[in-house]
Amino acid sequence: MVDQSKILYEDDEHQVIWFGWEDHENESLVQSNQLLVINGDNAYLFDPGGAFIFSDVAAEVGKYIPLSQIRYILATHQDPDVLSSITLWLKATDARLLVSRLWIRFVSHFGFSDNSRLVSIEDHGKQIRLESNEFIKLLPAHFLHSEGNFCFYDTRSKTLFSGDIGAAVFPQGERYLEMSDWQTHLGYMEGFHRRYMSNNVALRRWVKSVRGLDIERIVPQHGAIIPRDMIETFFDWLEQLECGTDLIDQIYDNALV
Amino acid sequence: MEQQITRVEESKILYEDDEHQVVWFGWEEAEGADAFVQTNQCLVVDHDKGYLFDPGGTYVFHHVLENIMRVINPRQIRYLFATHQDPDVCSSIPYWMKTTDADLLISKLWLHFVSHFGLEDIDRVVAVPDGGGRITLDSGDYIAMIPAHFLHSEGNFSIYDSRSGILFSGDIGAAIFPAGERYMFVDDFDNHLKYMEGFHKRYMHSNQVCARWVELVRKLDIKMIVPQHGAIFPEDQVERFLSWFSELRCGGDYIEQIYRDERF
C-alpha cells in the first residue's frame, strides 16, 4: 500500500509530489519511491514502479491530477521495481515513456507490442522544456547501477531524482522520509552501494557531472530523501567509495566451478 | 501478437543421450517489426525432470510454453534459472510460477526486485549467493551457476550443464541480427563479430571483468556456448570467442565517450 504522499515543493505553477510505498505484510518487495512533477496542466511521472503496486500508485496519483494529464513517464533504468508496471501505465494514460536507448527493445518484454510511445534517451541525456520555461533534465548516470541509467533534475524545484544512487534499505519499522543523521543513514546505504554500483570511476564521473547543479534535495528510488545540508557529505562519500568491480576479488571469490 | 511473433526454427535438440536432453527454443519477430529483442530459451531434461534457463518475456510466454509442452509436462520442471533480472529474461516469471511447481534460482541481488514482476510470495524463489551454486541431477551430473557478475548485470550467472558440456551464457556472446539475417550457429567468427561487437562494447562492464570470467570458464570442458540472444558457438568456435572476449575493452573503459555520446 502507499502509506503516504507528500508535496515536496509547490508554487503557483509547479508541484513536486513524492509517493512512498512499502510492503507492510512481508519482506518480499523492496520499498520504492515515485515522484510526480506537475507543471501547469502537464505531469511527469518518475520511475512508476512494479506491476504489483500499480493500482495503489495510480489511485494516489489520481488524487493530484487526472492520469490523462501525464505527458511523460521517465524511467531511470530497466529493472522490474522501476518499470514492470509500464504495460498498465501505457493503457491508463496517453503518456510516452522515456528510457535509455539501451533498453528500448527490452522493456517491451514487460508485455506490450506497440513501441510507438517509447522515446529513447541517448547516452548524453536530454531535456524536457516545461511551460514555464523551466526544464526537466535527464542526466547520464550510467553503470550506477544499470549500464543505461539516468537521473532527473527538475530545475524549478531543484530536486534531483537519483534512481538507485543514494538508495537506502531499512530494517523493518526503521524507515524515515528524510535523513538527518549521516552516520545512521550510512549504515542503511553502504552495503547496497558497495555491491550494486559499478565502480569508483563511474561514481566519480557522475559526481563531477552533478556537483555544479543547485540542488535542494536528492530523492532516490529507495529509502530516504537527502536534504540540501547533507548533499556535500553524500557526494564526498560517493567519491571515495570502493564498490562493484573495485571489489571484484571478493565478489568472484568462492566461485563454484 | 500473432502477426508480430514469427516462430522460426521452433526448437532444436542440442544434445541427447538415454538419460539427458538439451533442447533450444527460439522465436523472432515478423519481418519489419522492431519492438522486441529476440531471445533464446534452453531446456534441460534429465530423467523425468526439467530445468528451464531464462524463460523470457511476458509477451512470448505462451509460445515458449507451447514449445516446452511438446517435450515435457510443465509440472515436471523442477527449477527455473534466471541469469539476471531483466524483463526479456524473466518478466514471464509470475506465469511460470503458476504453470509449474518449480523453484526460481536467481542472484541474491534480485530477490526483492523480481517480486515486482507480480509474484505473490517468494517462498519458491531461491537466492543464489555470489559464488554460485550447483544442482545435482538424477543422472549424477550437475547444473552449475557460474559467477558472471557485471556482464552485464551486477548479479549475473552463466549456467553450465556438465553432462552435455553446454554453457548457457546469458548476455555474454549475444548477437543482434538485422531482420532476415539470423542464423543458428556461428561458423564465420569474423563475420559474426559485426553482430556482436556493438552490444558487448556498450553493455558489458569493463575488460577487467571479461578477463575474469574467461579465466573462470576456461576451467570447464565446454562443448557449446548458447547465449540468450543470437547464435550458438559450436565447439570449434569456443576458443576464438573466449580469446576475443578476454581482450575486449568495453563499458566503463569508455566512460568519457559514453557521457559525451561519442561512438567508440
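Residues numbered from 1 in each chain as written. Chains lettered and ligands numbered in written order. Predicted model: local features only at pLDDT ≥ 70, side-chain atom pairs only at ≥ 80, totals over all residues.

Chemist: For the interface of chain B and chain A, give the residues involved together with the corresponding values.
Modeler: Opposite the 53 residues of chain B that make contact, chain A presents 47 residues. Elements supplying a minimum of two residues to the side of chain B that touches chain A: α2 (87-90), α4 (111-114), β10 (133-136), β11 (142-147), α5 (189-203), α6 (207-217) and α8 (255-259) of chain B. The element contributing the most residues to the side of chain B that touches chain A is α6 of chain B, with 4 residues. Across the side of chain B that touches chain A, the residue classes break down as 22 nonpolar, 19 polar and 12 charged. (Contact = placed C-beta atoms within 7 Å. Helix = DSSP H or I, 4+ residues; strand = E, 2+ residues; numbered from the N terminus. Nonpolar A, V, L, I, M, F, W, Y, C, P; charged D, E, K, R; others polar.)

Chemist: So, the nonpolar core: which residues are in play, and what are the values?
Modeler: Of all hydrophobic cores here, the largest spans 160 residues; its most connected members are Leu36, Val99 and Phe152 of chain A together with Ile106 and Val114 of chain B. With residues near it in sequence (within four places) discarded, leucine 36 of chain A still touches Ile17, Phe19, Ala43, Leu45, Val61 and Tyr64 of chain A. (Core = buried A, V, L, I, M, F, W, Y, C linked by C-beta atoms within 7 Å. Buried ≥ 20, exposed ≤ 12 C-beta atoms within 10 Å, placed from the backbone.)

Chemist: Give me the lowdown on the sheet that holds strand β15 (residues 233-234) of chain B, citing residues and values where you can.
Modeler: Residues and elements named next belong to chain B. Strand order in the open sheet formed by 6 strands is β10-β11-β12-β13-β14-β15, and the pairing between neighbours is mixed. Here the strands that pair on one side only, and so sit at the sheet edges, are β10 and β15. Where strand β13 (residues 166-170) lies against strand β14 (residues 224-227), 4 bridges are found, and the strand directions are parallel. Its bridge partner lying in β14, glycine 170 is registered against proline 227. (Pairing = 2+ DSSP bridges.)

Chemist: Break down the confidence of the model for chain B for me, citing the residues and quoting the values.
Modeler: Counting all residues, the mean pLDDT for chain B is 93, and 95% of those residues have values of 70 or more. In the model output, the complex is listed with pTM 0.94 alongside ipTM 0.93. (pLDDT = per-residue confidence, 0-100.)

Chemist: Give a description of the sheet that holds strand β9 (residues 125-128) of chain B that names residues and reports values.
Modeler: Residue and element names in this part refer to chain B. With mixed pairing, the 7 strands of this open sheet are ordered in space as β2-β3-β5-β6-β7-β8-β9. Each edge of the open sheet carries a strand with a single partner, namely β2 (11-16) and β9. Along the sheet, successive strands turn relative to each other by an average axial angle of 20 degrees, direction set aside. Summarising the sheet, strand β5 (residues 40-46) and strand β6 (residues 49-53) pair through 5 bridges and their orientation is antiparallel. Following the sheet pairing, cysteine 42 is matched in β6 by phenylalanine 53. (Axes fitted to C-alpha atoms, helices over the stretch in contact; angles between N-to-C directions.)

Chemist: Residue-level account of the packing of α6 of chain B against helix α7 (residues 235-247) of chain B, with values.
Modeler: Residue and element names in this part refer to chain B. Between α6 and α7, the shortest axis-to-axis distance is 7 Å and the interhelical angle comes to 145 degrees. Residues Cys210, Ala211 and Val214 of α6 pack against Leu242, Phe245 and Ser246 of α7. By residue class, the composition of the contact of α6 with α7 is 5 nonpolar, 1 polar and no charged.

Chemist: An account of helix α1 (residues 61-69) of chain B is needed here, citing residue identities and associated values.
Modeler: All names here are of chain B. Inspection of α1 places Val64, Asn67 and Ile68 among the buried residues, and these make up the whole buried set. Each buried residue of α1 sits inside an arc of 100 degrees when the element is viewed along its axis, so together they form one side. Among the exposed residues of α1, those pointing more than 90 degrees away from its buried face are Glu66 and Met69. (Arc of directions from axis to C-beta.)

Chemist: Mind laying out unusual backbone geometry, listing which residues take part and the relevant values?
Modeler: Look at the link from leucine 144 of chain A to histidine 145 of chain A: it is a cis peptide, with omega at -10 degrees. Looking at the element boundaries, histidine 145 of chain A is found in the loop between β9 (135-140) and β10 (150-154). Here the residue pair leucine 151 of chain B and histidine 152 of chain B is connected by a cis peptide bond, since its omega of -10 degrees sits within 30 degrees of zero. When you line up the elements, histidine 152 of chain B lands in the loop between β11 and β12 (157-161). A positive phi angle, near 60 degrees, is found at lysine 158 of chain A, a position not held by glycine. Of note, lysine 158 of chain A is situated in the loop between β10 and β11 (159-163). Its 15 C-beta neighbours within 10 Å are what place lysine 158 of chain A among the partly exposed residues.

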